[in-house]
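Here is how the chains run, residue by residue.
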Amino acid sequence: MASSDPEISHSFRFFHVYKDGRVVLHFPPFEKVPPSDDPISGVRFSDVAISSEPPVSVRIFLPESISPTQKLPLVFYVHGGGFCMQSPFSTTYHNFVTTLVNEANVIAVSVDYGLFPTRPVPACYEDSWAALQWVASHSNGKGPHSWLNNHADFQRVFIGGDSAGGNISHTLAARVGSIGLPGTKVVGVVLVHPYFGGTDDDKMWLYMCPTNGGLDDPRLKPVTGDLARLGCERLLIFVAEKDHLMVVGKNYYEELKKSGWGGSVEIVENLGEEHCFHLFNLKYEKAVDLINKFVAFIKQE
């Protein structure tokens, strides 16, 4: 993307890079939603710093109607935002995950991973993996957080994410399939309008990841081996008709089917809709449909 400003050396979808090295994001900072209990849904929240160096934290969501010994499926959620924006603590993602927890009756863990430019890619992948391992450390009932010890069913774990978070979710599932996640069973993965290589945004990702492996980097272009050993039984992928990422989402679906992976995959096309449309009005009819499909995927036996 060209720029008329002579001081700008690179112009990408989400930020400008100036000749003096400054990176300026196009979007304003988000407001942080405090972890106070939701008076309407009754969902409870707990923020936990799992690492200080590097800084990684999570927000845990617990539904209201839960008995002292009840075990619920666990959803590990990875937010979107182009690898450089957003957080589990923003209004957008706090409200979405709260809705998912309330509708599906699950416990959720939403990861706050490192963002470009403060922490270039691959921090997002490494932080998310560290957070997933931290979650799994509770599978023996002796982890550091009582909600996960007491209420998470580690034989019913789901990984989900949208946009950049969908891309990260794929890499997590590939790692689980490659090296395992002790004490847990990842049943399903949900990718909502995921980012993969094959669009003009590739240049932006390559810039954000100085250690990239070029356009064939497996995080950009998933390789057959990673697809074939995805560490889950089921995968659901959403694509949106008016999203510039629809083609790469459909390509992922086709490549997964051809890879030899033994699980089941389903694709849902959101007709007439833009990228991540559902996040901006959770009560919009088609957003409700998307959330209901996500919930049904979790509840499927």
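Right above here is the structure, for reference.
In this text the structure is predicted, and so the values were computed from the model without any measurement.

Visitor: Before we go on, may I ask you to explain the nonpolar core in this structure?
Guide: Within soluble globular proteins, side chains that are nonpolar tend to cluster in buried spots. With 66 residues, the main nonpolar core has Leu-74, Phe-76 and Phe-83 as its most contacted residues. At 8 residues, the largest contribution of residues to this core is made by helix α2 (residues 123-136). Contacts of Leu-74, omitting those with residues within four sequence positions, involve Ile-107, Val-109, Val-135, Leu-148, Ala-152, Asp-153, Phe-154, Arg-156, Val-157 and Phe-158. One finds Val-187, Phe-238, Leu-279 and Leu-282 within the second-largest nonpolar core, a separate group that totals 31 residues.

Visitor: Explain the sheet that holds strand β8 (residues 152-162) here, please?
Guide: Each strand in a sheet pairs with its neighbour through backbone hydrogen bonds, running either in the same direction (parallel) or in the opposite one (antiparallel). A sheet is described by the order of its strands in space; here 8 strands give the open sequence β4-β5-β7-β6-β8-β9-β10-β11, paired in mixed fashion. Taken across any chain shown, the strands that pair with only one partner, and hence form the sheet edges, are β4 (44-52) and β11 (264-270). Each neighbouring strand pair of the sheet contributes to a mean axis angle of 20°, computed without reference to strand direction. With 5 bridges connecting them, strand β9 (residues 186-192) and strand β10 (residues 234-240) associate as parallel partners.

Visitor: So what exactly am I meant to see when it comes to the packing of aromatic side chains here?
Guide: Two measures describe an aromatic ring pair: the distance that separates the ring centres and the angle between the ring planes. Under the criterion given, the structure shown has 15 aromatic pairs. Ring centres of Phe-12 and Tyr-207 lie 5.5 Å apart, and the angle between their planes is 40°; on these two criteria the pair is classed as tilted. Of this pair, Phe-12 sits in the loop between β1 (8-11) and β2 (15-18) while Tyr-207 sits in helix α5 (residues 202-208); the two residues are 195 residues apart in sequence, bridging distant segments of the chain. Under the relative-accessibility criterion, Phe-12 is labelled buried at 10%. With a centroid separation of 6.4 Å and an interplanar angle of 45°, the aromatic rings of Phe-15 and Tyr-207 are classed as tilted. With a gap of 192 residues between them, Phe-15 in strand β2 and Tyr-207 in helix α5 connect regions that are remote in the sequence. On the accessibility criterion, Phe-15 (0% relative accessible area) is buried. The partly exposed category is assigned to Tyr-207, whose relative accessible area is 32%. Through pairs of rings, three or more aromatic residues link up here, namely Phe-12, Phe-15, Phe-116 and Tyr-207. Residue placement shows Arg-22 over the ring face of Tyr-18; its charged tip is 4.2 Å from the ring centre. The ring of Phe-297 carries Arg-234 above its face, with NZ or CZ at 4.6 Å from the centroid.

Cut-offs used in this document
Residues numbered from 1 in each chain as written. Predicted model: local features only at pLDDT ≥ 70, side-chain atom pairs only at ≥ 80, totals over all residues. Heavy atoms only, no water. Core = buried A, V, L, I, M, F, W, Y, C linked by side-chain atoms within 4.5 Å. Buried < 20%, exposed > 50% of the residue type's maximum accessible area, 1.4 Å probe, protein only. Helix = DSSP H or I, 4+ residues; strand = E, 2+ residues; numbered from the N terminus. Contact = heavy atoms within 4.5 Å. Pairing = 2+ DSSP bridges. Axes fitted to C-alpha atoms, helices over the stretch in contact; angles between N-to-C directions. Phe/Tyr/Trp six-rings, centres within 6.5 Å; stacked < 30°, edge-to-face > 60°. Lys NZ or Arg CZ within 6 Å of the ring centre and 35° of its normal.

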